[in-house]
Amino acid sequence: MHHYNQPLGGNEMPRFGGPATMMRLPARPSAEGLDAAFIGVPLDIGTSNRPGTRLGPRQIRDESRMLRPYNMATRAAPFDSLQVADIGDVPINTFHLPKSIDIITAFYAEVLGHGCTPLTLGGEHTITLPILRAIAATHGPVGLIHIDAHADVNDQMFGEPIAHGTPFRRAQEEGLLAGNKVVQIGLRGTGYSAEDFDWCRQQGFRVVTAEQCWYTSLAPLMAEVREQMGDTPVYISFDIDGLDPSVAPGTGTVEMGGLTSAQGLEIVRGATGLNIVGGDLVEVSPPYDPSGNTALMGATLLYEMLCVLPGVQHRD
Ligand code: MN
Ligand code: MN
């Protein structure tokens, strides 16, 4: 008998059957008693281009059916030493973005109050601001590993201070981020001005453009990131559009020349040993993802985040 929750195995129930929870884990009504929880935030009312990420959490859960408990590359065995479950979705108000922001913060405050680490299925990138508000209220300002095609530091979008292109501008202004411990990886594409990424650099963020990642392993970069972060609490925010559209076409704001799936895995695996206090995978838009591979990549990256949480054991 296992002491910890286990994903429902493919030899107990066919993988296309049974409840569509994340990794076929048990569903729980709250984070009480959990070390880590998968949480869906089905919000896409802060998006600027193609919508559809409100359907992301369900599709990520569905595609996660193929994920098995053990990590064959890193030997991580997250279900040997952590109590993990899927606690469902945040009941956002889909007619009211500012109210939804406050609903999300309150939900995560409750989760964190149980000592539970949240791993979030988005939803678009607006959701990271209210999550970071709750995280910083619990842990103080956090280091940030942000993977994205976009810097998401616009001052406003269409006059609005909160939208999916502004979360890290607001987070920095509100003191939610630990000064010189922010790294942004995969930035690229076209800008409104040639200086679009310079605001980040002026804040002391480390900007690693997609071009700096081309044709190379990101393991050495992550060794530097581990050095940079030290034992500071760190949050991982992974926008699926950081990856190349050949890997992840199912998203709203596509940019060519992105990271490979292997580089995405290297980034998350490279966070091993850090004091990870939460993570999200955002911007999966199922209507643009006919194969389901974008959602599967998202599910896989969330599993890899689980594998690098503090307290995860590794098999010899
Ligand atoms: Mn983003
Ligand atoms: Mn993006």
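See the structure shown above.
An account of the accompanying structure is given in this report. What you are looking at is a predicted structure, and each value in this text was computed from that prediction instead of being measured.

1. Regarding the coordination of the manganese ion (ligand 2)
Link 1 in the chain: Listed as protein donors to the manganese ion (ligand 2) are D148 (OD), H150 (ND1), D239 (OD), D241 (OD) and D241 (OD); their distances from the metal cover 2.1 to 2.4 Å.
Link 2 in the chain: Within one chain, the residues donating to the manganese ion (ligand 2) are spaced in sequence as D-x1-H-x88-D-x1-D.
Link 3 in the chain: Taken as an interatomic distance, the gap from the manganese ion (ligand 2) to the manganese ion (ligand 1) is 3.2 Å; D148 donates to each of them. The burial state of D239 is the same as that of D241; both residues are buried.

2. A look at the coordination of the manganese ion (ligand 1)
Link 1 in the chain: Every protein donor of the manganese ion (ligand 1) is accounted for by H125 (ND1), D148 (OD), D152 (OD) and D239 (OD), and the metal-donor separations fall at 2.1 to 2.2 Å.
Link 2 in the chain: Linear spacing of the donor residues for the manganese ion (ligand 1) on their chain is H-x22-D-x3-D-x86-D.
Link 3 in the chain: On the basis of relative accessible area, D239 is assigned to the buried category, the value being 1%.

3. Some thoughts on the environment of V234
Link 1 in the chain: Position of V234 relative to the elements: it lies in strand β8 (residues 233–239).
Link 2 in the chain: Owing to a relative accessible area of 0%, V234 belongs among the buried residues under this scheme.
Link 3 in the chain: Residues V234 and L274, spaced 40 residues apart in sequence, show a C-alpha to C-alpha distance of 7.1 Å.
Link 4 in the chain: In this view, V234 contacts G143, I145, M229, N275, I276, V277 and G278; residues no more than four positions away in its chain are not counted.

4. Structural notes on the sheet that holds strand β7 (residues 206–209)
Adjacent strands of a sheet pair through backbone hydrogen bonds, lying either parallel or antiparallel.
Link 1 in the chain: The strand order β3-β1-β4-β9-β8-β5-β6-β7 describes an open sheet built from 8 strands, whose pairing is parallel. Each edge of the open sheet is held by one strand with a lone partner, namely β3 (84–89) and β7. Direction aside, the axes of adjacent strands within the sheet are offset by 15° on average.
Link 2 in the chain: As paired elements, strand β1 (residues 36–41) and β3 share 4 bridges and run parallel to each other. Considered in β3, the bridge of G40 is made with D89.

5. Quick word on the pairing of β8
Link 1 in the chain: Burial within β8 is extensive, with 7 of its 7 residues counted as buried.
Link 2 in the chain: In β8, alternate side chains face the same way, and those of P233, Y235, S237 and D239 on one face and V234, I236 and F238 on the other are all buried.
Link 3 in the chain: Note: β8 against strand β9 (residues 275–282), 7 bridges, orientation parallel. The partner of Y235 across the bridge, within β9, is G278.

What counts, and where the lines are drawn
Residues numbered from 1 in each chain as written. Chains lettered and ligands numbered in written order. Predicted model: local features only at pLDDT ≥ 70, side-chain atom pairs only at ≥ 80, totals over all residues. Heavy atoms only, no water. Donors = N, O, S within 2.8 Å, 3.2 Å for Na, K, Ca; no water. Buried < 20%, exposed > 50% of the residue type's maximum accessible area, 1.4 Å probe, protein only. Helix = DSSP H or I, 4+ residues; strand = E, 2+ residues; numbered from the N terminus. Contact = heavy atoms within 4.5 Å. Pairing = 2+ DSSP bridges. Axes fitted to C-alpha atoms, helices over the stretch in contact; angles between N-to-C directions.

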